[in-house]
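Structural description and commentary
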Amino acid sequence: MPEMNGYETVDMIRNILGSDVPIIAMTAHAMAGEKEKCLRLGMNAYMSKPISEELLFENMFNLLTRESHENAGTKQAVTKKIINLDFLIKSVNNEKDIIVELIDAYLQQIKEDTTEINNAIIGKDYDTIKKIAHRTKSTVSLMGGAEMLKILEEIEAEAISTKNVEKIKTLYAFLKDLEKRSTIEIQIERSKYS
Amino acid sequence: MGFLKNLFKSKSPRTGLVFIVEDNAAYAKMLQAYLKTNFSSIKEIQLFPVGETCLLNLHKNPDAIIVDYFLDTKYADAETGLEIVKRIRVEKPEMNIIVLSAQKEIGVVMDSVKKYNCSYVKKDETAFERVNEIMKDIFSIE
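Below is a short write-up of the structure. Numbers given for residues are sequential positions, taken from 1 along each chain in its written order. For naming, the first written chain is A and the first written ligand is 1, with later ones following in the order written. In keeping with the predicted nature of the model, local features appear solely for residues at pLDDT of at least 70, side-chain atom pairs appear and are counted solely at 80 or more, and the whole-chain, interface and lining totals rest on all residues. Note: side-chain values were computed over all heavy atoms of the structure, leaving out hydrogens and water.

This part takes up the overall build of chain B. Helix and strand definitions follow DSSP, with helices as H or I runs of at least four residues and strands as E runs of at least two, each counted in order from the N terminus. Within chain B one finds six helices and five strands. Start at the N end of chain B and walk to the C end: the helices and strands fall as α-β-α-β-α-β-α-β-α-β-α. Buried residues are those whose accessible area, probed at 1.4 Å on protein chains only, stays under 20% of the maximum for their type, while exposed residues exceed 50% and partly exposed ones sit between those limits. Put simply, chain B has 142 residues, and 56% of those count as buried. The contacts in chain B between residues at least 6 apart in sequence include a share of 69% that link residues at least 24 apart. Between two residues, a contact is recorded if the distance between any of their heavy atoms is within 4.5 Å.

Below is the structure:
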């Protein structure tokens with residue numbers, strides 16, 4: 001992959017982000033020892049190209065059921081929701097038109113916020129990263145985006161203190177992923193009101 | 001909340017107009033929708049993403065102005081919320097001003113808003129309710 005290879009990515013996910021999200025290695029390298037290397041680095045399964053659909057689904061099924069089983073009762077489920085519209089809905093007395101209008105305002109704002117953070121990261125403009133991350137906290141809190149809020153707080157703190165752009169980039173990648181998922185979730189919610 | 005009544009004692013007639021000065025458009029819209037839904041005394045709520053445009057509209061005599069503490073993410077040269085508050089105070093010493101902030105360290109914010117006789121609301125999950133309470137106080141004064 002450009003910029004960061006799979007090994008580095010896994011290292012970041014496991015050791016910097018501290019996430020145990022299931023990872024399936026996918027590679028064209030059919031060299032001996034490759035599978036062992038992937039698993040040693042913390043990946044959960046290994047597949048060499050060409051990818052067999054059946055094997056992929058089997059791997060996914062095994063990993064996802066394992067995950068939800070391990071997490072049952074203690075940790076969050078894999079499909080934990082990223083947003084929670086209870087607050088928004090209550091705030092406007094469940095008025096459908098207003099809910100749709102506010103959802104649209106969120107979708108536009110979060111896009112603007114993340115783009116501006118990304119631009120500031122590219123320019124290593126820590127002051128702007130700090131400001132926009134701060135502003136974005138209000139945006140996501142409206143939609144009950146607790147996880148996104150936590151990452152934004154980290155980005156803001158990193159921009160103020162350590163100014164470690166690589167760490168901020170990693171956090172941003174995480175944020176961007178949540179933002180994409182929140183957008184899908186929220187559009188499903190929106191369809192219930194329009 | 002008794003002190004607020006003294007603080008906001010004002011003889012000018014109510015206009016039913018409220019300004020929200022906030023550079024986060026989604027947040028501003030949400031607060032606007034919340035106040036419209038929950039507060040019938042408010043007839044109109046105008047949004048200003050940049051503080052300077054709010055200053056140009058002070059002659060409309062809003063009953064209250066809600067200002068975000070930072071407010072400088074839209075344009076690099078835009079003034080911060082605190083600077084806007086200072087300028088509002090110069091032109092309208094009696095104005096009801098509510099400062100909003102997502103700041104974690106609220107000490108700095110508190111010191112500055114106290115200096116300019118503002119109410120302060122932290123942007124958390126109860127923020128809208130507290131703005132609503134302050135609005136009730138403002139609108140209950142004859």
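Picking up where we left off.
Let's shift gears to the pattern of salt bridges. Residues and elements named next belong to chain A. Salt bridges are counted wherever a side-chain nitrogen of Lys or Arg sits within 4 Å of a carboxyl oxygen of Asp or Glu. Summed over all chains, the structure comprises 21 salt bridges over all chains. Here K81 and E189 are joined by a salt bridge, their closest N and O atoms 3.2 Å apart. Taken together, the residues K81 in the loop between α3 (53-71) and α4 (86-91) and E189 in helix α8 (residues 165-193) connect sequence positions 108 residues apart. A salt bridge links D177 to R181; the nearest nitrogen and oxygen atoms lie 3.1 Å apart. Remark: R181 and D177 occur in helix α8; sequence separation between them is four residues, near one turn of the helix. For D177, a relative accessible area of 35% translates into the label partly exposed. Taking the relative accessible area as the measure of exposure, R181 reaches 35% and is therefore partly exposed.

Residue and element names in this part refer to chain A. As a rule, the C-alpha atoms of each element are fitted with a line to give its axis, helices using only the stretch in contact, and angles between N-to-C directions run from 0 to 180 degrees. Two numbers describe how helix α6 (residues 126-142) lies on helix α7 (residues 146-160): the axes approach to 8 Å, and their chain directions differ by 160°. Relative to α7, α6 is oriented roughly antiparallel. With respect to the hand of their crossing, α6 and α7 are arranged in left-handed fashion. Here Y126, I129, K130, A133, H134, T136, K137, V140 and S141 of α6 come into contact with α7, specifically with M148, L149, L152, E153, I155, E156, A159 and I160. Residues are sorted three ways: Asp, Glu, Lys and Arg are charged, Ala, Val, Leu, Ile, Met, Phe, Trp, Tyr, Cys and Pro are nonpolar, and all the rest, Gly among them, are polar. Along the lines of polarity and charge, the residues of the contact of α6 with α7 split into 10 nonpolar, three polar and four charged. These descriptions rest on fixed angle ranges, namely under 35 degrees for roughly parallel, over 145 for roughly antiparallel, 65 to 115 for roughly perpendicular, and the rest for oblique. A clockwise turn of the near helix away from the far one marks a right-handed crossing, whereas an anticlockwise turn of less than a right angle marks a left-handed crossing.

Turning our eyes to something else, we now look at unusual backbone geometry. All names here are of chain A. Cis geometry marks the peptide bond from K49 to P50; its omega dihedral reads 0°. Within the fold, P50 resides in the loop between β2 (45-48) and α3. Not every positive phi belongs to a glycine, and K163 is a case in point at roughly 55°. When its relative accessible area of 42% is taken as the criterion, K163 is described as partly exposed.

At the interface, 25 residues of chain A touch 22 residues of chain B. Counting the surface lost from both chain A and chain B, the interface buries some 1900 Å², and carbon and sulfur atoms represent 60% of this. The quantity reported as buried area is the accessible area (1.4 Å probe) lost by two parts once they are put together, taken as the sum for both. Of all residues in chain A, A:H134, A:R135 and A:L142 bury the most surface against chain B, accounting for 25% of the area lost on that side. In this structure, the connection of chain A to chain B is made through one salt bridge. A salt bridge links A:E101 to B:K29, with the nearest nitrogen and oxygen atoms 3.6 Å apart. The term polar contact refers here to a pair of N or O atoms within 3.5 Å; inside protein, the definition further demands a hydrogen-donor-capable atom paired with an acceptor-capable atom, and it admits residues adjacent in sequence only when both atoms are side-chain atoms. Here chain A and chain B share six residue pairs in polar contact (both at pLDDT 80 or more) between them. The set of elements that each furnish at least two residues to the side of chain A that touches chain B consists of α4, α5 (96-122) and α6 of chain A. For the side of chain A that touches chain B, the element with the highest residue contribution is α5(A), accounting for nine residues.

Residues and elements named next belong to chain A. What you see with strand β1 (residues 24-27) is a clean split: A25 and T27 sit on the buried side and I24 and M26 on the side with no burial. Strands were regarded as paired on the criterion that DSSP finds at least two bridges between them. In this sheet, β2 lies alongside β1 in parallel orientation, the contact comprising four bridges. In the strand pairing of β2, M26 is matched with M47.

All names here are of chain B. Geometry of aromatic contacts follows a simple scheme: Phe, Tyr and Trp rings, the Trp one being its six-membered ring, pair when their centres are within 6.5 Å, and the pair is stacked under 30 degrees between planes, edge-to-face over 60, tilted otherwise. Enumeration according to the criterion identifies six aromatic pairs over all chains in this entry. Taking 5.5 Å as the distance between ring centres and 75° as the angle between the ring planes, the aromatic pair formed by Y27 and F128 counts as edge-to-face. With Y27 in helix α2 (residues 25-38) and F128 in helix α6 (residues 127-140), this residue pair connects regions lying 101 residues apart in the sequence. Across the pair, exposure class does not vary: Y27 and F128 are buried alike. When the ring centre of F139 is taken as origin, the NZ or CZ atom of R14, which lies over that ring, is 5.9 Å away. The side chain of K123 reaches across the aromatic face of Y27, ending 4.4 Å from its centre. Here, over-ring charges are defined by two tests on the NZ atom of lysine or the CZ atom of arginine: distance to the ring centre within 6 Å, and angle to the ring normal within 35 degrees.

Here we come to a nonpolar patch on the surface. Together, A:F57, A:M60 and A:L64 give the surface a local cluster of nonpolar side chains, amounting to about 280 Å² of exposed area. Looking at where A:L64 falls in the secondary structure, it is placed in helix α3. Excluding any residue in a salt bridge, patches collect residues exceeding 30% relative accessible area, merging like charges within 9 Å and nonpolar Val, Leu, Ile, Met, Phe, Trp and Tyr side chains within 5 Å. Working definition of accessibility: Shrake-Rupley area with a 1.4 Å probe, residue cover restricted to the visible protein chains.

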